[in-house]
Amino acid sequence: SAEAGVSQATAAHAAAAKNVELLKAVIGSLNAAVAKAEEAVAKAGDDKELAGAAGQLKQVAAAKTAALTAGQSDLAAKEKAIESAKALATAAQQKMTVAKAAADTAAKKAQQAVAAAEPLQAAAAKQQASAAEVDQKVAQAQQALNRLADEIAVAKGLKQPEAS
């Protein structure tokens, strides 16, 4: 359903946001560690092991910074996905509202047609002499009921509208 799409998009966004916040926190600490390592290398002079460790730390910091950039892009995409899912949910809700109103209108018309047909049927029972005329009126009322039933079926999506 459309609501499930919004929930899934929101959950994916929350996970991406958590990842971005974690990376921001880690990068701050990594950059501080890189600065300290470079300071230690400068003090140690020719210590290749220390220089190698500082280089590896720089690489890790660069990789995490790239992951942060990618995570921020992913987060922006997830925000757009939420907006898209919300728009779909709103459109679906509006269509359901319109369909329900059409079905309610058709049902009301059907009730009115049934109410209009009842006096005709009672008159037919009372007027045996004009049976042919009464039969014709009943047939017309039945056609109106059939049209309304078709309108109800179309409004409910159970039947395709007939070409006029």
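Residues numbered from 1 in each chain as written. Predicted model: local features only at pLDDT ≥ 70, side-chain atom pairs only at ≥ 80, totals over all residues. Heavy atoms only, no water.

**Comments concerning the overall build of the protein**
Moving on, step 1. Secondary structure assignment for the protein yields three helices and zero strands.
Moving on, step 2. Against the compact-globule benchmark of 15 Å for 164 residues, the protein has a radius of gyration of 37 Å, which places it well outside the compact range.
Moving on, step 3. Projected onto its principal axes, the C-alpha positions of the protein cover 125 × 25 × 15 Å.
Moving on, step 4. Among the 164 residues that make up the protein, the fraction classed as buried is 17%.
Moving on, step 5. For the protein, long-range pairs separated by at least 24 residues make up 75% of all intrachain contacts whose partners lie at least 6 apart in sequence.
Moving on, step 6. Summed over all atoms, the accessible surface of the protein reaches about 11,500 Å², with 58% contributed by carbon and sulfur. (Helix = DSSP H or I, 4+ residues; strand = E, 2+ residues; numbered from the N terminus. Rg over C-alpha atoms; globule rule 2.2 N^0.38 Å. Buried < 20%, exposed > 50% of the residue type's maximum accessible area, 1.4 Å probe, protein only. Contact = heavy atoms within 4.5 Å. Areas by Shrake-Rupley, 256 points an atom, 1.4 Å probe, with all protein chains shown as cover.)

**Regarding the nonpolar core**
Inside soluble globular proteins, nonpolar side chains tend to come together where they are buried.
Moving on, step 1. Membership of the largest hydrophobic core is limited to six residues, which are Ala-16, Val-20, Leu-23, Ile-27, Leu-68 and Leu-75.
Moving on, step 2. At the level of elements, helix 1 (2-44) and helix 2 (48-126) are the ones that each hand at least two residues to this core.
Moving on, step 3. Top contributing element to this core by residue count: helix 1, with four residues.
Moving on, step 4. Not counting the four nearest positions on each side in its chain, Val-20 is found in contact with Leu-68, Gly-71, Gln-72 and Leu-75. (Core = buried A, V, L, I, M, F, W, Y, C linked by side-chain atoms within 4.5 Å.)

**Some words on the pattern of salt bridges**
Moving on, step 1. Enumeration over the complete set of coordinates arrives at five salt bridges.
Moving on, step 2. Among the ionic pairs, Lys-58 bridges to Glu-38, the shortest N-O distance being 2.8 Å. Here Lys-58 is found in helix 2, whereas its partner Glu-38 is found in helix 1, with 20 residues between them in sequence.
Moving on, step 3. Owing to a relative accessible area of 43%, Lys-58 belongs among the partly exposed residues under this scheme.
Moving on, step 4. The exposure class assigned to Glu-38 is partly exposed, which follows from its relative accessible area of 35%.
Moving on, step 5. Across the pair Lys-78 and Asp-74 runs a salt bridge whose closest N-O atoms are separated by 3.2 Å. One end of the pair, Lys-78, and the other, Asp-74, are both in helix 2, four residues apart, so they sit about a helical turn from each other.
Moving on, step 6. On the basis of relative accessible area, Lys-78 is assigned to the partly exposed category, the value being 24%. (Salt bridge = Lys/Arg side-chain N within 4 Å of Asp/Glu carboxyl O.)

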